[in-house]
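Observations on the three-dimensional arrangement
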Amino acid sequence: MLDEDVAEATLDLAALKADTLLAEVRLEERNSRQISIRSGQVSNVTKSSDSGMNVRIVLSNGIGFSSSNRISKSEGARLVQEAVRQAKSAKRRSPVSFSSERAIDTSWEVRQKRPLVEVSTDDKLEYLRGLDNAVMKTGAKVQGRYYEQRDYETASLLVNSEGSRIRSLLPRVVVESYNLVSSKGETEQSIREWAATGGWENVEAWALEGVLADEVRMLKRQIDKGKKVKPGVKDLVCGPEVAGIAAHESCGHPMEADRILGREMSQAGKSFVSPDMIGKKIGSRYATVIDDPTVQGSYGYYAYDQEGVKARPRYLYKEGLINEFLHNRESASRMNVQSNGASRSEFYLREPIVRMGNTFVAPGDFEEDELIGSVKDGVLMHSFTEWNIDDKRFNQKYVSREAYFVKDGELAGPARKCILEITTPAFWGAIDAASKKVVLTSGECGKGDPMQGMATDMGGPMIRLRSVMLK
């Protein structure tokens with residue numbers, strides 16, 4: 001149970017500083033469990049509990065952030081002093097301001113049909129061994145096999161000097177897999193993640209024994225029967241996983257306002273987008289990318305961000321136009337808009353920064369077979385094994401994990417390691433169709449210094465790109 005008296009006493013001390021524009025205090029408690037097996041042998045079983053608090057002070061000339069793994073009134077007082085010292089020493093060239101937001105007093109939580117804490121370690125080990133057995137029964141030579149399951153519940157309390165009081169409980173569950181398949185002296189690998197907010201019912205719904213068995217069979221088929229793509233201009237149909245990584249990397253990241261303003265320039269990178277590009281063309285009318293942290297059950301779900309702003313869908317690209325940046329309160333103030341609730345931190349030791357939630361391409365009005373049926377010479381890239389993108393999120397490369405040739409509207413055998421190298425405007429401008437069904441996949445997004453991994457989903461429908469260079 002988080003001690004609200006500690007939070008209030010610490011906030012009172014912070015608010016006493018005469019020149020404080022905003023003071024925030026966050027208390028957090030997390031209980032975590034992690035189990036993994038490697039090549040059929042148990043490699044890790046851990047349980048841990050962690051708790052702590054942080055203080056953020058906003059002055060006109062700087063922002064200070066201090067955190068501790070102890071929760072007490074005396075520790076809170078020390079954190080206030082440290083945060084004030086940092087803020088005063090920052091000496092920003094331009095005055096700091098935050099967008100004006102409504103004070104919120106609420107509690108929210110994600111409920112679990114089968115609580116994670118009630119699933120025993122033995123049951124989880126049996127589950128992972130079941131995945132391993134399912135893969136081994138395929139007969140494929142899987143030289144590397146690693147399966148990990150982890151889950152945690154995070155209780156949090158945020159109070160600020162504007163009157164917000166937000167209590168939350170967020171359970172998350174994750175399964176990761178790594179498979180290395182060899183055949184005929186060659187190898188292919190697959191690294192995948194399934195994750196959600198909620199309880200063990202998510203793990204049961206994923207039915208991963210069948211999914212992973214199919215995955216290693218596919219990898220073997222790519223080695224045994226896959227052929228290289230002859231370099232040339234062709235049509236490309238991207239599966240939801242490929243659409244999702246493009247949405248995340250070449251839309252979500254460049255639309256983060258702190259990147260656009262240069263705050264991340266020496267850390268995670270900058271952006272090709274500038275503040276005056278709202279309304280500028282970036283793609284075709286099918287280029288609509290949404291970042292929505294309110295998708296129920298998704299890995300990137302949250303109801304309020306860590307500045308107390310209510311989460312909502314953000315239409316980053318909308319029908320081919322740059323539409324809306326991702327904001328925290330500071331970046332929103334600098335661009336004269338309201339925050340859209342994109343301020344997140346990995347845990348209490350880290351300062352909240354601008355982050356995505358669940359980023360995906362909007363659905364279209366085509367059936368999936370219609371997208372393939374009109375392709376005379378092209379490739380269906382179901383999934384990727386590698387991606388690269390530059391610091392400005394402009395030039396990018398995707399390499400397929402599962403792909404197939406398309407000839408006269410029909411699939412025509414596996415295409416191995418198909419490569420797409422393209423710019424962001426060229427990618428989004430080449431889309432001429434999107435299917436109706438959106439599928440999300442999960443991943444850990446990295447950003448910040450110190451680095452913060454962040455729970456996110458990404459995805460989309462199948463999308464078709466006309467006349468792009470493949471090899």
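Anyway, here's the lowdown on the structure attached to this text. (Residues numbered from 1 in each chain as written. Predicted model: local features only at pLDDT ≥ 70, side-chain atom pairs only at ≥ 80, totals over all residues. Heavy atoms only, no water.)

**Some points on the overall build of the protein**
Formally: Secondary structure follows DSSP: runs of H or I at least 4 residues long count as helices, runs of E at least 2 residues long count as strands, and numbering of each begins at the N terminus. Buried means the residue's accessible area, taken with a 1.4 Å probe over protein chains only, is under 20% of the maximum for its type, while exposed means over 50%, and partly exposed covers the values in between. A 1.4 Å probe and the Shrake-Rupley method give the accessible areas. Residues count as covered only by the protein chains that appear here. The charged-residue count follows a simple rule in which Lys and Arg add positive charge and Asp and Glu add negative charge, with His and chain termini not counted at all. Every charge is mapped to an atom, namely NZ of Lys, CZ of Arg, CG of Asp or CD of Glu.
Within the protein, the secondary structure is distributed over ten helices and 22 strands. Judged by the C-alpha coordinates and their principal axes, the protein covers about 70 × 55 × 35 Å. When the 471 residues of the protein are sorted by exposure, 57% land in the buried category. Accessible surface for the protein amounts to roughly 19,700 Å². Of this, 48% is attributable to carbon and sulfur atoms. Averaging the coordinates of the 67 positive side-chain charges in the protein and doing the same for the 67 negative ones gives two points 4 Å apart.

**Comments concerning the pairing of strand E15 (residues 377-389)**
We count it as follows: Two strands form a pair only when DSSP identifies at least two bridges running between them.
Across four bridges, the pairing between strand E8 (residues 232-238) and E15 is parallel. Across the sheet, the residue bridging to Cys238 is Met381, located in E15. Note that E15 and strand E16 (residues 395-407) share eleven bridges and pair antiparallel. Pairing of Leu380 across the sheet is with Tyr404, part of E16. Connecting the antiparallel pair E15 and E16 is a turn made up of five residues, with Arg393 showing a positive phi of about 65°.

**Brief notes about the nonpolar core**
For soluble globular proteins, nonpolar side chains are generally found buried alongside one another. As a reminder, the rule being used: For the purposes of this section, nonpolar cores are sets of buried Ala, Val, Leu, Ile, Met, Phe, Trp, Tyr and Cys residues that join through side-chain atoms within 4.5 Å. When checking whether two residues touch, look at their non-hydrogen atoms; a contact exists if any pair is within 4.5 Å.
Ranked by size, the top nonpolar core spans 51 residues in total, and within it Leu236, Tyr317, Leu420, Phe427, Trp428, Ile463 and Leu465 carry the most contacts. The element that contributes the greatest number of residues to this core is helix H6 (residues 240-252), accounting for six residues. Leu465 has contacts with Lys234, Asp235, Leu236, Cys238, Phe427, Ala430 and Ile431, leaving out every residue within four places of it along the chain. Trp194, Val216, Met218 and Leu219 belong to the second largest nonpolar core, which has 35 residues in total.

**With respect to the sheet that holds strand E10 (residues 314-318)**
Quick reminder of the rule: Interaxial angles span 0 to 180 degrees and are taken between N-to-C directions of axes, which are lines fitted to C-alpha atoms, for helices over the stretch in contact.
Reading across the sheet, the six strands line up as E11-E10-E9-E14-E21-E20 and stay open at both edges, with mixed pairing between neighbours. Each edge of the sheet is formed by a strand with only one pairing partner; in this case those strands are strand E11 (321-322) and strand E20 (439-447). The sheet contact formed by strand E9 (residues 289-291) and strand E14 (residues 358-361) spans three bridges and is antiparallel. In the sheet register, Val289 faces E14, and the bridge partner there is Val361. Packing against the sheet, H6 makes contact with E9, E10, E14, E20 and strand E21 (452-460), and its axis sits at approximately 125° to E21.

**Regarding the pattern of salt bridges**
Proximity of charged atoms lets side chains of opposite charge pair with each other. Under the convention used in this document: Salt bridge criterion: a side-chain nitrogen from Lys or Arg within 4 Å of a carboxyl oxygen from Asp or Glu.
Per the stated rule, a full pass over the model turns up 43 salt bridges. Between Arg56 and Glu24 there is a salt bridge, and its shortest N-O distance comes to 2.9 Å. You can see Arg56 sitting in strand E2 (residues 41-59) and its partner Glu24 sitting in strand E1 (residues 22-38), a full 32 residues away along the chain. What makes Arg56 buried here is its relative accessible area of 3%. Residue classification places Glu24 among the buried residues on the basis of a relative accessible area of 5%. The salt bridge involving Arg464 is made with Asp432; its shortest N-O contact spans 2.8 Å. One end of the pair, Arg464, is in strand E22 (residues 463-470); the other, Asp432, is in strand E19 (residues 431-434), with 32 residues separating them in the sequence. On the accessibility criterion, Arg464 (4% relative accessible area) is buried.

**A look at the side chain of Glu402**
The condition that has to hold: Polar contact is the term for a pair of N or O atoms within 3.5 Å; when the atoms are in protein, one must be able to donate a hydrogen and the other to accept it, and sequence-neighboring residues count only if both atoms are side-chain atoms.
With respect to the element layout, Glu402 can be found in strand E16. Notably, Glu402 is buried but unbridged: the nearest opposite-charge side chain belongs to Arg221, and the N-O separation is 4.3 Å. A distance of 2.6 Å separates a polar atom in the side chain of Glu402 from a polar atom in the side chain of Tyr404. Other than its neighbours up to four places away in sequence, Glu402 contacts Met218, Arg221, Gln222, Leu380, Met381, His382 and Ser383.

**Considering the packing of helix H3 (residues 121-136) against helix H5 (residues 208-225)**
Each pair of packed helices can be summarised by the angle the axes make with each other and by the distance between the axes. For the record, the criterion: Crossing handedness is defined as follows: a turn of the near helix away from the far one that is anticlockwise and smaller than a right angle gives a left-handed crossing, while the clockwise case is right-handed. Three categories are distinguished: nonpolar for Ala, Val, Leu, Ile, Met, Phe, Trp, Tyr, Cys and Pro, charged for Asp, Glu, Lys and Arg, and polar for the others, with Gly belonging to the last.
Axis separation between H3 and H5 bottoms out at 8 Å; the angle between their running directions is 35°. Of the two possible hands of crossing, H3 and H5 adopt the one that is right-handed. Contacts from Tyr127, Gly130, Leu131, Ala134 and Val135 in H3 reach Leu208, Glu209, Leu212, Ala213 and Val216 in H5. Here the residues of the contact of H3 with H5 are counted per class, giving eight nonpolar, one polar and one charged.

**Description of unusual backbone geometry**
Most peptide bonds take the trans configuration, and most residues that are not glycine carry a negative phi. A cis amide bond, omega 5°, links Asp449 with the succeeding residue Pro450. Mapped onto the fold, Pro450 is located in the loop between E20 and E21. A positive phi angle is found at Lys184, which is not glycine, with a value near 55°. Among the structural elements, Lys184 can be located in the loop between strand E6 (165-183) and strand E7 (186-197).

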